[in-house]
Each structure stands twice: as C-alpha cells, then as structure tokens.
Amino acid sequence: MTGTTTPVRDRTPAPGPAAAAARRLTALGRAELILLVRNRTAIVVALLLPLVMIFAMRSSLDQLDLGGTGLTVAGATLTGGIGMVLVQVVYMNLVSAYVARREELVLKRLRTGEISDREILLGTALPSVALALAQCVVLVVAGAIAFDLSAPHRPDLLVAGLLLGFVLMSALAAATAVLTRTVQSSQLTTLPLFFVSLFGSGIFVPLAVFPDRLASVLELLPMTGVMTLVRHGWLGGVAGGELVTAGVTGLAWTVFGVFAVRRWFRWDPRG
C-alpha cells in the first residue's frame, strides 16, 4: 500500500500593510543608497560642500557684530551648518535624484508595481535624509567637543526642527523637480531657494542682526521656521510666541510643498 502525504501548509502569517510598506521602502531606499554611493560627484558634493560652506560662514561671522544677539560665532556657525546640510544634502541632492529617476523611466516602471506613489517618493529620499541626519549628529558632537558648546538646551525642539526640515526639504525638492527638465538644469532651478535660505533664513547671517521690519518679513521664508527651532533648540533663549510662529510657518510651507507635488508632479520624462 502506498500512503498519501498530506501537504504541509505554511502557517506563517502574511505581513500586514504596514510591514509590507516598510519592506518596500527599505528595498527602495537600499537601491537608492547604492546609486548615491556610485555617483562620486553627488557623494563628494554632499559630504564636502557643506563643510566648505561652514568654514566660509565662520569667516563671515567673525566680521559681524553679534553683540546683543545672544549668539557666539561658534553657535551661529554650527547651527547654520545644520541648515546648510538640510538645503544642500537633502534639497539640492534630491532634486537631481528625482529628475534623474524620472528621465531614466525608473519612476514610471516603479508605478507599475504594488508600491504606491508616496512610497516611491519617500524611498528615493531616504538615503539623502539619512546622510543629512548623520552629518547633523556630527555637527552637534563636534560643537560639544571641539567648540565648547553646551549640549542642546531643548533636544525636543532640535529634533522637531530637524524632522520638519527633512520633510520640508524633501517636499520642496519634489516640487522643484516639476520645473526641472534635466539633471544638469537642476543646478539652476535649485539656486533661488538656496540663496534665499542662505541669506534670508538665518543660515549664513542670523536674523537678529537685521532690522526688525526686515526680520519680520524674512521669518516667512521656507527655512526660517526650521532654523528658529534648530537654533533655539540647541542654544536656548526663545519665547513661546516665536516658536509658534516658526512651527506654523514651517508647516505651512510643508503643506504647500506636498500640495504642489500631489497636483503637478510628473512621472513621465519631460525630454
């Protein structure tokens, strides 16, 4: 007699939606990280350019009168360096990444699978955000060890500012990619926000040195709210009303960026 074998069923529970989404994001983020590492120009710019700009920032701050602002040259330089990392490593790098993936039909092919549009954009942003986060941690540690700055007075504000900066810069990067035809032209389309943030949002020059009326206008710029949270989260000395204004401004620009992406982002090549 020949016996029949009963097939053994796999009793492993199927992953839930959240676990499946996390797996897809991890896979896409890993692939983007490999592409970023292989792009030597992008990785050198992301790692070295912020450091060069920080040294240039310190030289210019040495010539400013920071008396009455409550800031030291080291404090203004390193907190401004965090803003520089957010703009250059997240925003400028991501615009090139989104445009390159779009023109190479990568985004279009990804949309044919089970991964959602939101996951595609988030997964593409993960390596740049992770690299920026690592650089920000290095700046905070360097401030405590090499520049004799105190530990962050309000770590919660510092973390909130970083999270807001990551989301805001990623959203504005995707929105800027709508206006960018090629990777080469991204060097031009990112310049307006770069210079506006550099000189108007307190990255290169603290807002406290500007006249009050001009500073009130500059507080409405995209990166100003982020810089307010970062600077006062690390160095302290901020009023509650100023924090509310900073948070509302940053969130408003983030909502605008997300709306622009949902409304106008292009998945097909523009060439």
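Above this text you will find the structure in question.
Rules used throughout
- Residues numbered from 1 in each chain as written.
- Predicted model: local features only at pLDDT ≥ 70, side-chain atom pairs only at ≥ 80, totals over all residues.
- Heavy atoms only, no water.
- Helix = DSSP H or I, 4+ residues; strand = E, 2+ residues; numbered from the N terminus.
- Buried < 20%, exposed > 50% of the residue type's maximum accessible area, 1.4 Å probe, protein only.
- Areas by Shrake-Rupley, 256 points an atom, 1.4 Å probe, with all protein chains shown as cover.
- Core = buried A, V, L, I, M, F, W, Y, C linked by side-chain atoms within 4.5 Å.
- Contact = heavy atoms within 4.5 Å.
- Expected span 1.5 Å × (residues − 1).
- Salt bridge = Lys/Arg side-chain N within 4 Å of Asp/Glu carboxyl O.
- Axes fitted to C-alpha atoms, helices over the stretch in contact; angles between N-to-C directions.
- Parallel < 35°, antiparallel > 145°, perpendicular 65-115°, else oblique.
- Left-handed = near helix turned anticlockwise from the far one by under 90°.
- Nonpolar A, V, L, I, M, F, W, Y, C, P; charged D, E, K, R; others polar.

**Quick notes on the overall build of the chain**
So, point 1. Helices and strands together make up the secondary structure of the chain, namely 11 helices and zero strands.
So, point 2. Across the 271 residues that make up the chain, the buried fraction comes to 46%.
So, point 3. Looking at the chain as shown, the accessible area adds up to about 14600 Å², and 66% of this sits on carbon and sulfur atoms.

**Observations concerning the nonpolar core**
So, point 1. With 65 residues, the main nonpolar core has Ile82, Tyr91, Tyr98, Met169, Ile203, Met223 and Phe265 as its most contacted residues.
So, point 2. Contributions of two or more residues to this core are made by α1 (17-38), α2 (40-61), α3 (73-103), α5 (117-145), α6 (155-178), α8 (191-200), α10 (224-235) and α11 (240-264).
So, point 3. Here this core takes 15 residues from α3, the largest share from any one element.
So, point 4. If we skip the residues at most four places from it in the chain, methionine 223 touches Gly83, Leu86, Val87, Met169, Ser197, Ser201 and Ile203.

**Some words on unusual backbone geometry**
So, point 1. One non-glycine residue, leucine 105, adopts positive backbone phi at about 70 degrees.
So, point 2. With respect to the secondary-structure elements, leucine 105 resides in the loop between α3 and α4 (106-110).

**Some details on α6**
So, point 1. Here α6 contains 24 residues, and its C-alpha end-to-end distance of 35 Å stays within 8% of the 34 Å for a straight helix at 1.5 Å per residue.
So, point 2. The element α6 is largely enclosed, with a buried count of 18 among its 24 residues.

**Details of the pattern of salt bridges**
Pairing between side chains of opposite charge can happen when their charged atoms approach one another.
So, point 1. Summed over the entire model, instances satisfying the criterion amount to seven salt bridges.
So, point 2. Note that arginine 24 and glutamate 119 form a salt bridge whose closest N and O atoms lie 2.9 Å from each other. With arginine 24 in helix α1 and glutamate 119 in helix α5, this pair connects stretches of sequence that are 95 residues apart.
So, point 3. A salt bridge links glutamate 32 to arginine 101; its shortest N-O distance comes to 2.9 Å. With glutamate 32 in helix α1 and arginine 101 in helix α3, this pair connects stretches of sequence that are 69 residues apart.
So, point 4. Looking at glutamate 32, the relative accessible area reads 6%, which means it is buried.
So, point 5. Classification of arginine 101 by relative accessible area gives buried; the value is 10%.
So, point 6. Each of Arg24, Glu114 and Glu119 takes part in a single network of salt bridges with overlapping partners.

**Quick word on the environment of serine 116**
So, point 1. With respect to the secondary-structure elements, serine 116 resides in the loop between α4 and α5.
So, point 2. Between the alpha carbons of serine 116 and alanine 21 there is a distance of 8.8 Å; along the sequence they are 95 residues apart.

**Some words on the packing of α1 against α5**
So, point 1. Orientation of α1 relative to α5, taken along the N-to-C sense of each, is 55 degrees, at an axis distance of 8 Å. Viewed along their axes, α1 and α5 adopt a mutual orientation that is oblique. Both α1 and α5 take part in a crossing whose hand is right-handed. Facing Ala21, Arg24, Leu25, Leu28, Gly29, Glu32, Leu33 and Leu36 of α1, the residues of α5 in contact are Glu119, Ile120, Leu122, Gly123, Thr124, Leu126, Pro127 and Leu131.
So, point 2. Residues of the contact of α1 with α5, tallied by class, amount to 10 nonpolar, three polar and three charged.

No statement about biological role is implied by the geometric values presented.
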